[in-house]
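Structural description and commentary
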Amino acid sequence: VFSWTRTASGPPLVGDEVNWHDVEKYLARTLDRIEEIGATTLAAGREAALELPDGYPLEDALHQLRYFLNMAADYAASLHIALGPVFSANVEGYDNLGDAVGFVRQLGRPEVRLLLDLGRMAAETDGQDLANVPDSICHVHCPVAEEGRLCLHPVMLGALKASGYTGRVSLV
């Protein structure tokens, strides 16, 4: 898995600062690196790359995200594009698993699926809603529980297994 994050070199994917020429150049470089190391998945839009700027319209951001994912899918013929957590939990109307699954299914690109972070999801779900989404997932992050912390990950992993999910799971 190779991750796209907004760093000093990684451009934003949503907001007024998006420069599609820069995004396309960065994507081409990223895909070259992915090919060099033999990775099969691009984790797209993690962390600040999808930070919704204050006051920026959600529909505009979703349009930009669709544009990027279609571009990435066009470039990345045999790769999976794993869409990380979409925006943050404070974006009302687009802050849960159902919204993300609907977005990916509506996009209609088989190369684009979800990257689930069970640590982040533990606050919003007990995992039972994972039973209906294995076709929309290509990678799962499962943090190792810290001592004294309630961990629902075994329940979530059990729900994924019961759903027929056989994809990658990383322990982080």
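Each remark here, short or long, concerns the structure printed above.
Residues numbered from 1 in each chain as written. Predicted model: local features only at pLDDT ≥ 70, side-chain atom pairs only at ≥ 80, totals over all residues. Heavy atoms only, no water.

Topic: the overall build of the protein chain
Helix and strand content of the protein chain: five helices and six strands. Seen in sequence order, the protein chain has helices and strands lined up from the N terminus as β-α-β-α-β-α-β-α-β-α-β. Here the protein chain holds 172 residues, and 45% of them are scored as buried. Looking at the protein chain alone, contacts between residues at least 24 apart form 75% of all its contacts between residues at least 6 apart. Within the structure as shown, the protein chain displays about 8900 Å² of accessible surface, and the carbon and sulfur contribution to it stands at 49%. (Helix = DSSP H or I, 4+ residues; strand = E, 2+ residues; numbered from the N terminus. Buried < 20%, exposed > 50% of the residue type's maximum accessible area, 1.4 Å probe, protein only. Contact = heavy atoms within 4.5 Å. Areas by Shrake-Rupley, 256 points an atom, 1.4 Å probe, with all protein chains shown as cover.)

Structural notes on the packing of helix α2 (residues 58-75) against helix α3 (residues 97-107)
Packing of α2 against α3 brings their axes to within 11 Å, and their N-to-C directions diverge by 50°. Viewed along their axes, α2 and α3 adopt a mutual orientation that is oblique. Every pair of crossing elements has a handedness; the one defined by α2 and α3 is right-handed. Across the interface between the two elements, Leu62, Leu65, Arg66, Leu69 and Asn70 from α2 touch Phe103, Gln106 and Leu107 from α3. (Axes fitted to C-alpha atoms, helices over the stretch in contact; angles between N-to-C directions. Parallel < 35°, antiparallel > 145°, perpendicular 65-115°, else oblique. Left-handed = near helix turned anticlockwise from the far one by under 90°.)

Some thoughts on the environment of Gly10
Within the secondary structure layout, Gly10 lies in the loop between β1 (2-5) and α1 (20-37). Along the backbone, Gly10 and Val23 are 13 residues apart, and their C-alpha atoms lie at a distance of 7.9 Å.

Quick look at a nonpolar patch on the surface
A cluster of nonpolar side chains, Val144, Val169 and Leu171, forms an exposed patch at the surface whose accessible area comes to about 300 Å². In this fold, Leu171 is placed in strand β6 (residues 168-171). On the accessibility criterion, Leu171 (64% relative accessible area) is exposed. (Patch = residues over 30% accessible without salt bridge, like charges linked within 9 Å, V, L, I, M, F, W, Y side chains within 5 Å. Salt bridge = Lys/Arg side-chain N within 4 Å of Asp/Glu carboxyl O.)

Some points on the nonpolar core
In this structure, Phe68, Leu69, Ile81, Leu97, Leu114, Leu116 and Leu130 are the most contacted members of the largest nonpolar core, which totals 40 residues. Ignoring anything within four residues of it in the chain, the contact list for Leu97 reads Leu114, Leu116, Met121, Glu124, Asp129, Leu130 and Val133. (Core = buried A, V, L, I, M, F, W, Y, C linked by side-chain atoms within 4.5 Å.)

Description of the pattern of salt bridges
Within this structure, the stated rule accounts for three salt bridges. One salt bridge in this structure joins Asp74 and Arg109, with 2.8 Å as the shortest N-O distance. With Asp74 in helix α2 and Arg109 in the loop between α3 and β4 (112-117), the pair connects residues that are 35 residues apart, well separated along the chain. In this structure, Glu111 engages Arg109 in a salt bridge whose closest nitrogen and oxygen atoms are separated by 3.4 Å. Comparing Glu111 with Arg109, the two get one shared label, buried. Residues participating in the shared-partner salt-bridge network are Asp74, Arg109 and Glu111.

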